[in-house]
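An overview of the molecular structure
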Amino acid sequence: MKTSDSSGTWSTDQNRNCVWMEAGMIAYKQCDLEFDCDSCSLDDVMRRQSAVADEPPLSSLHSDHAAEGAGADETPSRRFERQLEEFFQPLGAVQLPDDRLYHRCHMWVKDEGDSSATIGIDHVGAYFLQPVVSVVLPQTPSKIESKSPCTWLVLREGTIALRSAIRGIATEANAILVDRPYLLLDDPYDSGWMLKVSRGAEKKREGELLSAAEFSPIYLKEIGVLKDRFAASFRRAQPVVGATMHDGGEPVRTVQEVLGKKKYFELINRIFLKA
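A brief look at the structure comes next. (Residues numbered from 1 in each chain as written. Predicted model: local features only at pLDDT ≥ 70, side-chain atom pairs only at ≥ 80, totals over all residues. Heavy atoms only, no water.)

Concerning the nonpolar core
Our working rule: Definition used in this section: a nonpolar core is a set of buried Ala, Val, Leu, Ile, Met, Phe, Trp, Tyr and Cys residues joined via side-chain atoms within 4.5 Å. Note on classification: 1.4 Å probe, protein chains only; a residue is buried when its accessible area is under 20% of the maximum for its type, exposed when over 50%, partly exposed between these limits. Helix and strand definitions follow DSSP, with helices as H or I runs of at least four residues and strands as E runs of at least two, each counted in order from the N terminus. Here, residues are in contact when the closest pair of their heavy atoms is within 4.5 Å.
Within the largest apolar cluster, 60 residues are counted, with the highest numbers of intra-cluster contacts made by Phe 88, Phe 128, Leu 129, Leu 153, Ile 160, Leu 195 and Phe 230. When residues in this core are grouped by element, the largest group, eight residues, is from helix α7 (residues 212-236). When near neighbours in sequence (up to four residues on either side) are disregarded, Leu 153 contacts Leu 129, Val 132, Ser 134, Val 135, Gly 158, Thr 159, Ile 160, Leu 162, Leu 184 and Leu 185.

Okay, here's the thing in structure tokens:
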């Protein structure tokens, strides 16, 4: 497996398979790209084929930030500032469940009272990744390491690796996510759980796991930094638009549309590289 540690140094794990093999969608593929999925033509084809035209409605924090009430003389910059505020505002209103611990890589760990734990993605990570095309879960049982990829989310723009906050043996994967991947993002703290992990001697609290009270100010600061990056990206490549139109056609309704899906993906991908 080609993975990156916190310093950005790459290492190789010979046991890694193509994510599409892990998902059970192909029998075998030898990778000669060192698992650089962004450069893989097969990955591009598989993501396109997996995309569905009619996705189920989301019950998440997301809303349709239309330009209702915007003045006709609103400038593109002012419009985007308002959209940013509307886009980020719901995140600060969510209370983290206090029955679990959290990691800076936006994963949570819930102790199940024995030698096992349940892990999943927090609502911050889930918020920025909608919509997801498919979820690639590891085979079980299998060994997972702290800070190493344990689940992959396939988006139309690329693949995001979610890193485990603990080490142990993944004994059960949430199979319902294969058919209903949106649950991982719509209900991240309940039905969208990812893996059950047997921790054995590792049951003790790892030093990098934080309580809800400890993690809340960290993630609030992080979303502030991300909002600033969104604004800076817009200023660097501000499109020439009219008062209410992005390209002279339909009104721009989302931050993603203004930034462009590729740039948006690059920006949010950074928050999952911290380990």
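Right, picking up where we left off after that structure.
Focus: the sheet that holds strand β11 (residues 195-198)
Heads up, the condition is: By the convention used here, strands pair only if DSSP detects at least 2 bridges between them. Structural elements are reduced to axes, namely lines fitted to C-alpha atoms, with helices fitted over the stretch in contact, and the angle between N-to-C directions of any two is expressed from 0 to 180 degrees.
Strand order in the open sheet made by the six strands is β3-β4-β5-β11-β10-β7, with antiparallel pairing throughout. The open sheet has two edge strands with one neighbour each: β3 (101-103) and β7 (142-144). With direction set aside, neighbouring strand axes in the sheet form an average angle of 35°. In this sheet, strand β4 (residues 107-111) lies alongside β3 in antiparallel orientation, the contact comprising three bridges. Its bridge partner lying in β4, Leu 101 is registered against Val 109.

Examining a positive patch on the surface
Basically, it comes down to this: Two joining distances apply to patches: 9 Å for like charges and 5 Å for nonpolar side chains (Val, Leu, Ile, Met, Phe, Trp, Tyr), and every residue must have over 30% relative accessible area and no salt bridge. Each accessible area is a Shrake-Rupley estimate made with a 1.4 Å probe; only the visible protein chains count as cover when residues are assessed. Put simply, a salt bridge is a Lys or Arg side-chain nitrogen that is within 4 Å of an Asp or Glu carboxyl oxygen. None of His or the chain ends enter the tally, which takes Lys and Arg as positive and Asp and Glu as negative. A charge is said to be at NZ when it belongs to Lys, at CZ for Arg, at CG for Asp and at CD for Glu.
A cluster of basic residues, Arg 229, Arg 235, Arg 236 and Arg 270, forms a positive patch at the surface. Looking at the secondary structure, you find Arg 235 in helix α7.

Details of the packing of aromatic side chains
Convention followed: Here a pair means two rings of Phe, Tyr or Trp (six-membered ring of Trp) with centres within 6.5 Å. Their orientation is stacked below 30 degrees between planes, edge-to-face above 60, and tilted elsewhere.
Per the stated rule, a full pass over the model turns up 14 aromatic pairs. Ring plane angle 75° and centroid distance 6.5 Å describe the contact between Phe 87 and Tyr 264, whose orientation is recorded as edge-to-face. Highlighted residues: Phe 87 in helix α3 (residues 76-88) and Tyr 264 in helix α9 (residues 261-269), separated in sequence by 177 residues. Here Tyr 264 falls in the buried class, since its relative accessible area comes to 6%. Centroid distance Phe 88 to Phe 230: 5.5 Å. Interplanar angle 70°. Geometry classified as edge-to-face.

All we've got here are geometric facts, nothing functional implied.
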